[in-house]
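# Observations on the three-dimensional arrangement
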Amino acid sequence: MSKALVMALACCLLLTVALTACSKDESHAGDTESAAVAGDSPSAEAYAQLQTELLEIQKTATTQPKMMEAVALAASKLEGFIAAYPGTEEAKDAKLQLGMMFSSVGQFDKAVPVLKDYVKIGEEGDERVGYAHFFLAESYKSIDEFEKAKEQYKIFVEEYPLVNPKFLAAAQGSLEDIDVLKTLAVGNEPLPFTVEGL
């Protein structure tokens, strides 16, 4: 279990760093002057430093206890950055990174409000918003909010089908499984089961 959590944190941090780099490249493609200006902003410089620090934190997450310490430290750094640079693109990216990290390590109660806020402030059609919908759906599913999960998976599948084939397949599979999960949820009537014919 601890290896899986460590890998989840590592994947989440690397994915969000990659997403941020891709989105920056796309938003400034063909516009070297604007890219240079954006790269020189205090928030861009601080965000680049934050990403370096997060990668160093990730390296310390070799066991489950260390991973939880790393998550707490990474969350603190991300939250501090968001507070220090409100309204910037980099703060939005940090918010997505924070929500994805919380979701990936099972802190769904923390992930949901962060990801909901990101979905509200993100630009429609931006693949990062697609990832926010996916991780929000995963978080809702994990806390037995199945209708909300279903809604988020549908948005991801219908509006962001080209984002990542593995995420798309996972979302489609989860959509198919939601009704079964609702039926199996604690507190619901048990499914009838017999051993006849086995």
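Anything mentioned here points back to the structure above.
On a predicted model such as this, the values are computed, not experimentally measured, just so you know.

It is worth spelling out the nonpolar core at this point. Leu-98, Met-101, Tyr-153 and Phe-156 are the most contacted members of the largest nonpolar core, which has 48 residues in total. Excluding residues that lie within four positions of it along the chain, Leu-98 makes contacts with Ala-75, Leu-78, Glu-79, Ile-82 and Val-114.

Here we come to the pattern of salt bridges. A full pass over the atoms with the stated rule returns 12 salt bridges. Where Glu-147 meets Lys-182, a salt bridge forms, and the shortest distance between an N and an O atom there is 2.4 Å. In this pair, Glu-147 is assigned in helix 8 (residues 146–159) and Lys-182 in helix 9 (residues 165–184), connecting sequence segments 35 residues apart. Glu-147 gets classed as partly exposed once you look at its relative accessible area, which sits at 45%. Residue classification places Lys-182 among the partly exposed positions, given a relative accessible area of 27%.

Another aspect to go through is helix 3 (residues 42–60). If you check helix 3, its first and last C-alpha atoms are 28 Å apart, about what 19 residues at 1.5 Å a residue would give, namely 27 Å. All of the buried residues along helix 3 are Ser-43, Ala-44, Tyr-47, Leu-50, Gln-51, Leu-54, Ile-57 and Gln-58. Seen from one end, helix 3 has its buried residues packed into an arc of 130°, which puts them on one side. Turned more than 90 degrees away from the buried face of helix 3, the exposed residues are Pro-42 and Lys-59.

Parameters at a glance
Positions within a chain are numbered from 1, following the residues in the order the chain's sequence is written. Owing to the predicted nature of the model, reporting of local features is limited to residues with pLDDT of at least 70; listing and counting of side-chain atom pairs is limited to 80 or more, with chain, interface and lining totals taken over all residues. Side-chain metrics in this entry use all non-hydrogen atoms of the structure; hydrogen atoms and water are not considered. Among the buried residues, those of types Ala, Val, Leu, Ile, Met, Phe, Trp, Tyr and Cys that are joined through side-chain atoms within 4.5 Å form a nonpolar core. Buried, partly exposed and exposed residues are distinguished by accessible area as a fraction of the type maximum, computed with a 1.4 Å probe on protein chains only: under 20%, between the cut-offs, and over 50%, respectively. We call two residues contacting when some pair of their heavy atoms lies within 4.5 Å. Every case where a carboxyl oxygen of Asp or Glu lies within 4 Å of a side-chain nitrogen of Lys or Arg is listed as a salt bridge. Numbering goes from the N terminus for both helices and strands, where a helix is a DSSP run of H or I of at least four residues and a strand is a run of E of at least two. Take the residue count of a helix, subtract one, and multiply by 1.5 Å to get its expected span. When we speak of the arc, we mean the arc of directions from the helix axis to the C-beta atoms.

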